[in-house]
Amino acid sequence: MRRYIVRQLVQLVVVILGISILAFAILHVLGDPVLLLLPQNAGKEEFERYRHLLGLDRPLYVQYWKFLSRAALGDFGKSWYADTPAFTLVLERMPPTIYLTFAGLAVGLLIALPLGIFAALKRNSWLDSLCTVVAVAGQAAPIFWLGIMLIIVFAVRLKVLPASGYGSWRNFLMPAFCLGAALAPITMRLVRSGVIEVMNMEFIKTARAKGLAEPTVVVKHAFRNACIPVITVLGLQFGQLLGGAIITETVFAWPGVATLTVESIRNQDFPVVQCAVILLALLIVGVNLIVDLIVGFIDPRIRAA
Amino acid sequence: MKAVSSPTKMELVEVGHSRVDAPDFGRATLRRLARLRWGLAAAGILLLVVATSAFAPWIAPHDPLAVDIRHRLSPPQWMEGGSPEHLLGTDQVGRDLLARMMYGGRVSLVVGVGAVLISATIGVLLGLGAGYFGGSTDWTIMTGINVMLTFPFVLLALAVIAVLGPSLTNMIIVLGVAGWPIYARVIRAETMAIFERDFVLAGRALGMSHVRIVFRQIVPNLVSVIVVIATLQVAQVIILESFLSFLGLGIQPPTPAWGNMLGEGRLYMLNSWWIATFPGLAIFLTTLVINLIGNALRDWLDPHLKL
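Residues numbered from 1 in each chain as written. Chains lettered and ligands numbered in written order. Predicted model: local features only at pLDDT ≥ 70, side-chain atom pairs only at ≥ 80, totals over all residues.

Across its full length, chain B holds 12 helices and 0 strands. In chain B, the order of α-helices and β-strands from amino to carboxyl end is α-α-α-α-α-α-α-α-α-α-α-α. Buried positions account for 46% of the 307 residues belonging to chain B. (Helix = DSSP H or I, 4+ residues; strand = E, 2+ residues; numbered from the N terminus. Buried ≥ 20, exposed ≤ 12 C-beta atoms within 10 Å, placed from the backbone.)

Now the structure itself:
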């Protein structure tokens with residue numbers, strides 16, 4: 001187990017370094033910060049002076065090292081727009097994003113688990129086919145469009161839910177459903193195939209032969225084992241889930257990191273963009289690590305692989 | 001992306017059990033045929049979408065940029081107050097929605113296909129390299145794949161577009177360059193599996209060059225895998241492109257794109273639901289049929305593939 005944890009940690013560090021390089025390169029290699037900062041009609045000397053002032057005339061690896069060592073201490077520089085440290089700005093907006101992600105996860109599981117298990121147990125029934133159809137359709141529906149349709153129906157027509165905002169549980173319903181609906185199809189199919197696979201195993205036959213009641217067999221023996229691939233994939237999907245949260249936030253004007261990032265992109269406020277990108281990536285990598293450890297703990301076969 | 005109930009290990013198990021429950025085998029075959037039929041129907045619809053977009057200049061009922069203030073925000077024809085001239089109604093400045101949707105399809109399809117061509121090329125080459133050479137090449141490429149897959153694709157695309165500025169070309173490049181890991185991961189695993197096969201060993205024993213082994217012996221075995229992933233990815237790219245345009249970071253108005261029409265329509269959804277609804281339906285329908293085609297292709301070409 002210890003070797004497994006160490007290996008996971010090394011991988012984590014490498015991935016974080018990779019992401020920091022990516023975040024750095026987006027601004028410094030693809031673009032030129034001075035060009036973004038100064039007005040277009042600024043003179044050549046002005047550009048040079050600023051370039052020197054910001055240390056942009058030094059070799060890229062020196063700049064990257066400076067960026068990295070500061071970022072490690074939580075210093076991403078001041079926002080070019082709001083004159084507050086980027087780190088503080090992003091951190092303030094983190095909780096709503098995390099709440100939304102987990103609410104979406106909960107809704108997704110609430111839809112996917114019962115349907116997936118049921119579809120697996122009643123394989124090839126009309127319900128199974130219906131689930132397949134809904135899953136195919138669900139995967140094709142763009143989240144942002146689904147969100148707008150929900151707003152038109154529930155906020156504009158029926159006037160039962162607020163179209164945007166943050167604060168009460170009623171604000172959570174539509175965004176969480178939207179995100180959950182995006183997560184549900186893939187999870188449902190995984191649960192279905194996981195349960196089908198497990199139900200064909202010898203230990204299920206043993207459990208049945210022992211004379212256990214069918215619900216006990218399904219819940220205690222089949223479902224627990226089917227959980228392993230589901231947890232793994234949910235962990236891997238966390239990045240996509242967060243990506244979905246980003247899209248959902250922009251539709252419902254949710255005051256999270258994503259809305260901040262999009263605003264900052266519009267304002268060309270790059271310290272905030274870089275900071276948000278790196279913190280979100282850290283969150284994803286952290287969750288992936290925890291999931292790997294949990295799965296490695298539950299299932300010894302994975303540790304060895 | 002995982003596709004719906006692929007006939008994978010599970011269904012092979014089913015076939016193995018066919019002695020116990022015999023009807024299952026017949027049904028599985030029927031289901032496969034049924035899915036292929038769905039794929040054909042989907043291909044028909046996609047062809048229609050492609051044709052209306054391609055021939056938009058000749059068949060569109062109006063100029064997509066023609067402003068008609070007298071008929072602004074007019075609802076679809078069949079609704080009360082709808083104008084007979086505008087089948088799906090008009091937007092905030094009276095432009096015909098149907099015409100704009102026909103033209104908008106061009107953007108989505110061009111970006112979808114263009115980006116997929118780029119990412120498939122990069123991804124396949126890197127996947128081949130990682131799978132064929134192994135060792136430190138593999139480690140480096142795998143790390144790259146992990147970094148890219150950890151990162152929400154949306155966020156990356158947003159950040160890069162923000163620096164490069166929005167345009168059709170930039171969008172194709174960004175979505176193309178960011179999309180390679182999914183190909184690389186699958187191709188790497190497939191290459192490793194094929195590398196073990198006897199004909200590759202024979203080729204090596206005969207002294208074939210690496211290039212010849214890779215492109216003459218391995219790549220032909222990967223064509224169906226690549227086609228299936230690429231098809232499914234076109235749908236993903238179309239959704240992303242429309243999201244970027246929806247945010248105003250993609251195709252810039254007044255050029256019609258499904259995404260920016262949806263984004264503009266959002267501002268008017270209080271009274272004019274149709275502006276946001278129809279472009280969204282177009283995105284939904286297009287990605288749906290592409291996914292169905294992808295699934296059918298997978299069943300037809302390569303039943304073992306688990307995506």
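Still to come is the rest of the account.
We now examine the overall build of chain A. A count of helical and extended segments in chain A gives 13 helices and 0 strands. Counting from the amino terminus, helix and strand elements in chain A follow one another as α-α-α-α-α-α-α-α-α-α-α-α-α. In terms of overall dimensions, chain A has C-alpha extents of about 85 × 60 × 30 Å along its principal axes. Across the 305 residues in chain A, those meeting the buried criterion constitute 37%.

Each turn of an α-helix holds 3.6 residues, which means side chains three or four residues apart point in the same direction. Here helix 8 (residues 169-199) of chain A contains 31 residues, and its C-alpha end-to-end distance of 39 Å is more than 12% below the 45 Å for a straight helix at 1.5 Å per residue. Counting buried residues along helix 8 of chain A, 24 of its 31 residues qualify, which places the element largely inside the surrounding structure. (Expected span 1.5 Å × (residues − 1).)

Quick look at the interface of chain A and chain B now. In this assembly, 47 residues from chain A lie in contact with 42 residues from chain B. Breaking the side of chain A that touches chain B down by element, the ones donating at least two residues are helix 1 (2-28), helix 6 (126-140), helix 7 (143-157), helix 8, helix 10 (214-252), helix 11 (257-266) and helix 12 (270-298) of chain A. Each residue belonging to the side of chain A that touches chain B can be placed in one class, and the counts come to 32 nonpolar, 13 polar and 2 charged. (Contact = placed C-beta atoms within 7 Å. Nonpolar A, V, L, I, M, F, W, Y, C, P; charged D, E, K, R; others polar.)

Soluble globular proteins: nonpolar side chains tend toward being buried together. Among the nonpolar cores identified, the biggest contains 160 residues, and Val90(A), Ala276(A), Ala157(B), Leu158(B) and Leu175(B) are the most heavily contacted of them. Residue contributions to this core peak at 17 residues, all from helix 10 (residues 210-246) of chain B. Excluding its chain neighbours within four sequence positions, the residues that come into contact with Ala157(B) are Val174(B), Leu175(B), Ala178(B), Leu240(B) and Leu244(B). (Core = buried A, V, L, I, M, F, W, Y, C linked by C-beta atoms within 7 Å.)

Residue and element names in this part refer to chain B. Along the polypeptide, leucine 156 turns up in helix 6 (residues 153-164). The buried category is assigned to leucine 156, around which 22 C-beta atoms lie within 10 Å. Remark: the alpha-carbon pair of leucine 156 and valine 214, spanning 58 residues in sequence, is separated by 32 Å. Leaving out residues up to four positions away in the same chain, leucine 156 has contacts with Phe151 and Ala178.

Our next topic: the packing of helix 5 (residues 86-121) of chain A against helix 8 of chain A. All names here are of chain A. At their nearest, the axes of helix 5 and helix 8 sit 5 Å apart, and the two run at 35° to each other. Considering only the axes of helix 5 and helix 8, their crossing is right-handed. Among the residues forming the contact of helix 5 with helix 8, the class breakdown is 24 nonpolar, 5 polar and 1 charged. (Axes fitted to C-alpha atoms, helices over the stretch in contact; angles between N-to-C directions. Left-handed = near helix turned anticlockwise from the far one by under 90°.)

In this section: the packing of helix 7 of chain A against helix 12 (residues 273-301) of chain B. As a packed pair, helix 7 of chain A and helix 12 of chain B sit with axes 10 Å apart at the nearest point and diverge in direction by 145°. In this structure, helix 7 of chain A meets helix 12 of chain B at a crossing whose hand is left-handed. Note on element contacts: helix 12 of chain B touches helix 7 of chain A through Trp273(B), Ala276(B), Gly280(B), Ile283(B) and Phe284(B), opposite Trp145(A), Ile148(A) and Ile152(A). A per-class count over the contact of helix 7 of chain A with helix 12 of chain B returns 7 nonpolar, 1 polar and no charged.

Right, let's get into the environment of Pro229(A). Structurally, Pro229(A) can be placed in helix 10. Between the alpha carbons of Pro229(A) and Ala258(A) there is a distance of 29 Å; along the sequence they are 29 residues apart.

Residue and element names in this part refer to chain B. With respect to the helices, strands and loops of the structure, glycine 263 is situated in helix 11 (residues 258-267). Each C-alpha atom of the pair glycine 263 and isoleucine 182 lies 29 Å from the other, and the pair is 81 residues apart in sequence. Leaving out residues up to four positions away in the same chain, glycine 263 has contacts with Ser245, Phe246, Leu247 and Gly248.

Our focus in this paragraph is the confidence of the model for chain B. Residue and element names in this part refer to chain B. Per-residue confidence for chain B averages 83 on the pLDDT scale, and 87% of its residues sit at or above 70. The element-level mean pLDDT for chain B is lowest in helix 1 (residues 9-16), coming to 39, with helix 4 (residues 97-133) highest at 93. Within the model, pLDDT remains below 50 along residues 1-23, and this stretch shows 34 contacts once partners closer than five positions in the same chain are excluded. (pLDDT = per-residue confidence, 0-100.)

Looking now at unusual backbone geometry. Each neighbour pair has its own omega, and for Pro253(B) with Pro254(B) the value is 10°, a cis peptide bond. With respect to the secondary-structure elements, Pro254(B) resides in the loop between helix 10 and helix 11. For Ala253(A), which is not glycine, the phi torsion reads 50° and is therefore positive. Note that Ala253(A) resides in the loop between helix 10 and helix 11. On the basis of neighbour count, Ala253(A) is assigned to the partly exposed category, with 13 C-beta atoms found within 10 Å.

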